[in-house]
Amino acid sequence: MSAAARQINTFRKPFNHLMTPNKVNEINPDVARFCRLGSDYDSLNNGKMIFIGESGVGKSSLIKRFHRNKFNSESQETCGVDFVTLTFNIFGVPFCLEIWDTAGQERFKWITTSYYRGTNVIVVVFDLSELSTLHECKKWLDEASYQNNHNFVFLVGNKLDKMSDQTFLGMKETISETCKDLNAEFWAVSSKTGKQVSNLFLRMAYLTFEKIVLGKLDCANDKSELFSSGSRINSSGISKFLSIMFYSSDCVSKNLGLSYSDASTNLKKYSA
């Protein structure tokens, strides 16, 4: 997807409000205010998401569909791990997200598990047309959870294009129970047609961004010193806040096509 397709200037909703543990329905006011006022730094530290699941469920295809808007039905299996770093523009703030793709074959597990650490989002992918891959999701999540304290879990059913509406509805109860067991948010997508793929990635990017911003704000000794009463961050707040920020040379702010004023328009009602 182009840089313009990675802009977020509205709250990103879940696929199904009944199949998510993340019940927030609007932008966090502190995050909204942070975005509206915080124009004097390059970026937050990177977020990280990792895709796991059985071989052949379409993990690489999902990433390629979002990253390049391409689909190859004969794509090769991932050997070990692969990753791409993408920059999102979230309410005018640049945010880098590392997207890690892991192999589903047993022989690569000794390699892939070492990359689970420090993950914000675990994406467990299964094949909607092969119910057996859904039953393996808990095993994959347990292995990934052992390595880190993640923030979010997404259960993603790929290959929606192979499902009739009636067949999909017949699976929803089983999927819903799995979501509860994994404490995960469910999405049904198709890497072949691209259906819901962009919405899925934008949702995950926003939740990761929000979590990282709130973590940074919690590190400030006094939020009232971080923000001024006007439309800028005061000099004392800047000094204290920058001392706890982590910058990445790969995440320098770029012109992504969304102006500061455009982003601010959507934030004013949340940050009053």
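Residues numbered from 1 in each chain as written. Predicted model: local features only at pLDDT ≥ 70, side-chain atom pairs only at ≥ 80, totals over all residues. Heavy atoms only, no water.

## Looking at the nonpolar core
Rules: Remark: nonpolar core denotes a set of buried residues (Ala, Val, Leu, Ile, Met, Phe, Trp, Tyr, Cys) joined through side-chain atoms within 4.5 Å. Relative accessibility thresholds used throughout: buried, under 20% of the residue-type maximum; exposed, over 50%; partly exposed, between the two (1.4 Å probe, protein chains only). Secondary structure is summarised from DSSP: a helix means a run of H or I of at least four residues, a strand means a run of E of at least two, and numbering begins at the N terminus for each. Contacts are residue-level and defined by heavy atoms, with any inter-residue pair within 4.5 Å sufficient.
Among the nonpolar cores identified, the biggest contains 43 residues, and F51 and F154 are the most heavily contacted of them. Looking at this core, the elements that each hand over two or more residues are α1 (29-37), β2 (47-52), α2 (59-68), β3 (81-90), β4 (93-102), β5 (121-127), β6 (152-158) and α7 (197-219). Setting aside its immediate chain neighbours within four residues, F51 contacts K59, L62, I63, I99, W100, D101, T102, V123, V125, F201 and M204. Among the nonpolar cores identified, the runner-up in size contains 26 residues, and W100, M163, C179 and A188 belong to it.

## Some details on the pairing of β6
What counts, and what does not: A pair of strands counts as paired when DSSP detects no fewer than two bridges linking them.
Taking burial as the measure, the seven residues of β6 include seven buried ones, the bulk of the element. Residue alternation in β6 divides its side chains into two sets, F152, F154, V156 and N158 and V153, L155 and G157, and both sets are buried. Direction of pairing for β5 relative to β6: parallel, over a ladder of seven bridges. Its bridge partner lying in β6, V121 is registered against F152. Across four bridges, β6 lies against strand β7 (residues 185-188) in parallel orientation.

## Quick look at the packing of aromatic side chains
Geometrically, a pair of aromatic rings is defined through the distance of the ring centres and the angle of the planes. Cut-off, in case you're wondering: We call Phe, Tyr and Trp rings a pair once their centres come within 6.5 Å, taking the six-membered ring for Trp, and we label the pair stacked below 30 degrees between planes, edge-to-face above 60, and tilted otherwise. Put simply, a charge is over a ring when the Lys NZ or the Arg CZ is close to the ring centre, within 6 Å, and near the line of the ring normal, within 35 degrees.
Under the criterion given, the structure shown has ten aromatic pairs. Look at F95 and F209: their rings are 5.4 Å apart centre to centre, the planes differ by 70 degrees, and that puts the pair in the edge-to-face class. Of the two residues, F95 sits in strand β4 while F209 sits in helix α7, which places them 114 residues apart along the sequence. F209 shares its class with F95; the two are buried. Feature note: the residues F15, F126, F168, F186 and W187 constitute an aromatic cluster, connected by ring pairs. In this arrangement the basic side chain of K48 is found over the ring face of W100, its NZ or CZ atom lying 5.1 Å from the centre.

## Overview of the confidence of the model for the protein chain
Atomic detail in the predicted coordinates should be set aside for any region of low pLDDT. Keep this limit in mind: Confidence of the predictor at the level of single residues is captured by pLDDT, which takes values from 0 to 100.
Per-chain confidence: the protein chain averages 79 in pLDDT, with 70% of residues scoring 70 or above. Per-element confidence in the protein chain ranges from a low mean pLDDT of 39 for helix α9 (residues 235-242) to a high of 98 for β7. pLDDT under 50 marks residues 228-265. Its contacts with residues more than four places away, or in other chains, come to 70 contacts.

## Some words on the pairing of β2
Burial analysis of β2 places six of its six residues in the buried class, the great majority of the element. In β2, alternate side chains face the same way, and those of G47, M49 and F51 on one face and K48, I50 and I52 on the other are all buried. Bridge count for β2 against β5 is four bridges, and the pairing is parallel. Looking at β5, one finds that I52 is bridged to V124.

## Side note on the packing of α2 against α7
Formally: Axis definition: a line fitted to C-alpha atoms, over the contacting stretch in the case of helices. Angles run 0 to 180 degrees between N-to-C directions. Each angle receives one of four descriptions, namely roughly parallel if under 35 degrees, roughly antiparallel if over 145, roughly perpendicular if within 65 to 115, and oblique otherwise. Three residue categories are used. Nonpolar comprises Ala, Val, Leu, Ile, Met, Phe, Trp, Tyr, Cys and Pro, charged comprises Asp, Glu, Lys and Arg, and polar comprises the others, including Gly.
It is the contact of α2 with α7, at a shortest axis distance of 10 Å, that shows an interaxial angle of 90 degrees. Relative to α7, the element α2 is oriented roughly perpendicular. Here L62, I63, R65 and F66 of α2 come into contact with α7, specifically with V197, S198 and F201. For the contact of α2 with α7, the per-class residue count stands at five nonpolar, one polar and one charged.

## Here's the deal with the pattern of salt bridges
Stated formally: Any carboxyl oxygen of Asp or Glu within 4 Å of a side-chain nitrogen of Lys or Arg constitutes a salt bridge here.
What the rule picks out here adds up to five salt bridges. When the shortest N-O distance is used, the salt bridge between E54 and K139 registers 3.4 Å. Of this pair, E54 sits in the loop between β2 and α2 while K139 sits in helix α5 (residues 137-145); the two residues are 85 residues apart in sequence, bridging distant segments of the chain. The class for K139 is partly exposed, based on a relative accessible area of 31%. We note a salt bridge from K139 to E136, for which the minimum N-O separation is 3.1 Å. Among the charged side chains, a network of salt bridges with common partners joins E54, E136 and K139.

## Digging into the side chain of K216
This is how the line gets drawn: We count Lys and Arg on the positive side and Asp and Glu on the negative side, and we leave His and both chain ends out. N or O atoms within 3.5 Å of each other form a polar contact, as long as, within protein, one can give a hydrogen and the other can take it, and as long as residues adjacent in sequence are counted only when both atoms are side-chain atoms.
In this fold, K216 is placed in helix α7. Here K216 sits buried without a salt bridge, and the closest side chain of opposite charge, D218, lies 11 Å off (N-O distance). Here N45 takes part through its side chain, which lies 3.4 Å from a polar atom of the side chain of K216.

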